[in-house]
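Close look at the chain arrangement
Here are the chains, one letter per residue:
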Amino acid sequence: MVAMNELLRIQQGVIATRQMTKTQRGQAKRLVRAESWREITPKTFLASPANPTLEQLAWAAVLHCGEGAALGGHNALVLHGWTDKLQKPFDVVYPTRVRDRPQWLRLRRVHCEIGSLGSPPRVNAHDALLQAVAWARSEREALCIELSALQQRLVSPQRLLELVELRPRMKRRAVFLEALDDFRGGAQSLNELDLGRVCRSNGIPEPVRQVRVYDAYGTPRAMDAEFATPAGVIHVEVEGLQHLDPVFWFADLRRHNGLVLKGQGGYLRYSSWTINHDPEEFLRDMRLLYGSDSAASGSMIQAEPKPA
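Residues numbered from 1 in each chain as written. Predicted model: local features only at pLDDT ≥ 70, side-chain atom pairs only at ≥ 80, totals over all residues. Heavy atoms only, no water.

**Some remarks on the overall build of the chain**
For the chain, the helix and strand inventory stands at 13 helices and 10 strands. Across the 308 residues in the chain, those meeting the buried criterion constitute 45%. Long-range contacts, defined here as pairs at least 24 residues apart, represent 56% of the contacts in the chain between residues at least 6 apart. (Helix = DSSP H or I, 4+ residues; strand = E, 2+ residues; numbered from the N terminus. Buried < 20%, exposed > 50% of the residue type's maximum accessible area, 1.4 Å probe, protein only. Contact = heavy atoms within 4.5 Å.)

So this is what it looks like as structure tokens:
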């Protein structure tokens, strides 16, 4: 049996009642009454009078639910290295009946493998992503989670496909697979997914995504989209509201000038809000480039695929 002091070190000062002897549980309750320790849940203690951190709550969530429990979804993905923060509520995948849970602990009865017995235990990254997508508050939040995890290379697209095949009733399954297909085709952001959706629904050939070019200073640049139109090759950038920040604005100016000096020409710029909520401006410009007659009839000239 691991000594209590060692467990407290490993578990960031959190310990479960099941990990303690009867005598130790009595001592812990006296320390809580003396305000030297804190009771986090009816089944877990914190060896400190301070409010628990999110990391300590993560431990308490798993320990409260017993042997075999593991964090799932958003917070499991964070623990696997996803660049977001731990947040309440903590989703816990659990194998046994759990009573007296706090409001910040959400129980999930699902079948998946625990990919790590680390600190604290969590499901593997692929299961965590699929759970986070299914449990997200909105479809847009789900797509943001999916694309950012893929972009950070935390998960394998091929492995995700294999797992989704086994889950025909997965929530947001069709949306997830469409976004995964777009990512494999080059889309790296939600803005690019929105652009592809607008193109598909309005008869405009989908662009080649993330085209690599170099500016006049030798800096590699990736253009969001490249359209092969009768008027020539046109590059398009879809910019989020963060580009209104002066720091981004100055960087955008340098980027644009460097590409013009290199002979790349200018490029069309649209806000992400325009593409997602009022795309008529973008569609009007595309119809001018492709020819209004063919655009109106929906028989657009197909963009040439770029060589691999």
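**Some words on the pattern of salt bridges**
Scanning all chains against the criterion turns up 18 salt bridges. Among the ionic pairs, R287 bridges to E280, the shortest N-O distance being 2.8 Å. A relative accessible area of 28% means that R287 is categorised as partly exposed. Since its relative accessible area comes to 42%, E280 is described here as partly exposed. (Salt bridge = Lys/Arg side-chain N within 4 Å of Asp/Glu carboxyl O.)

**Considerations on the side chain of T274**
Tracing the backbone through its elements, the reader meets T274 in helix α11 (residues 272-277). When its relative accessible area of 13% is taken as the criterion, T274 is described as buried.

**Notes on the packing of aromatic side chains**
Summed over the entire model, instances satisfying the criterion amount to 4 aromatic pairs. Here the aromatic rings of W37 and F45 are separated by 6.3 Å at their centres, their planes lie at 55°, and the arrangement is tilted. We classify F45 as buried; its relative accessible area is 2%. Judged by centre distance (6.1 Å) and plane angle (85°), the ring pair of F90 and W104 falls under edge-to-face. Of this pair, F90 sits in strand β5 (residues 90-93) while W104 sits in the loop between β5 and β6 (105-108), and the two are 14 residues apart along the sequence. (Phe/Tyr/Trp six-rings, centres within 6.5 Å; stacked < 30°, edge-to-face > 60°.)

**Some remarks on the confidence of the model for the chain**
Looking at the chain as a whole, the pLDDT averages 85, with 88% of positions reaching at least 70. Taken element by element, the chain is modelled with least confidence in helix α13 (residues 292-297), mean pLDDT 44, and with most confidence in strand β3 (residues 44-46), mean pLDDT 98. The low-confidence segment residues 293-308 (pLDDT under 50) makes 21 contacts with residues lying over four places distant or belonging to another chain. (pLDDT = per-residue confidence, 0-100.)

**Points about the pairing of strand β7 (residues 208-214)**
As judged from the 6 bridges shared by β7 and strand β8 (residues 220-229), these two strands associate in the antiparallel manner. Note that in β8 the partner of V208 across the bridge is E226. In textbook terms, the turn of a hairpin is the stretch between consecutive antiparallel strands, and for β7 and β8 this stretch comprises 5 residues, one of which, G218, has a positive phi near 80°. (Pairing = 2+ DSSP bridges.)

**Let's talk about the environment of G68**
In this fold, G68 is placed in the loop between α3 (54-64) and β4 (70-71). The spacing of G68 and R122 is 54 residues in sequence and 9.9 Å in space, taken between C-alpha atoms.

**A few points about the sheet that holds β7**
Here we have 4 strands laid out as an open sheet, ordered β7-β8-β9-β10, and mixed in their pairing. Either end of the sheet is taken by a strand with one partner, and the two such strands are β7 and β10 (268-271). Neighbour-to-neighbour, the strand axes of the sheet open up by a mean angle of 45°, direction not taken into account. Pairing geometry for β8 and strand β9 (residues 232-239), over 5 bridges, is antiparallel. Note that in β9 the partner of A225 across the bridge is V236. (Axes fitted to C-alpha atoms, helices over the stretch in contact; angles between N-to-C directions.)

**Things to note about α3**
Taken across its 11 residues, α3 has 9 buried, putting it largely inside the fold. For α3, the complete set of buried residues consists of Q56, L57, A58, W59, A60, A61, V62, L63 and H64. Downstream of α3 by one or two residues, G66 has phi in the positive range, about 90°.

**Some points on a nonpolar patch on the surface**
Residues W249, F250 and L253 make up a contiguous nonpolar surface patch of about 310 Å² in total accessible area. With respect to the element layout, F250 can be found in helix α10 (residues 246-261). We classify F250 as partly exposed; its relative accessible area is 46%. (Patch = residues over 30% accessible without salt bridge, like charges linked within 9 Å, V, L, I, M, F, W, Y side chains within 5 Å. Areas by Shrake-Rupley, 256 points an atom, 1.4 Å probe, with all protein chains shown as cover.)

**Focus on the packing of helix α6 (residues 139-151) against helix α9 (residues 190-201)**
For the pair α6 and α9, the least separation of the axes is 10 Å and the interaxial angle reads 120°. In contact with R140, L143, C144 and L147 of α6, α9 contributes L190, L193 and D194. Per-class residue counts for the contact of α6 with α9 are 5 nonpolar, no polar and 2 charged. (Nonpolar A, V, L, I, M, F, W, Y, C, P; charged D, E, K, R; others polar.)

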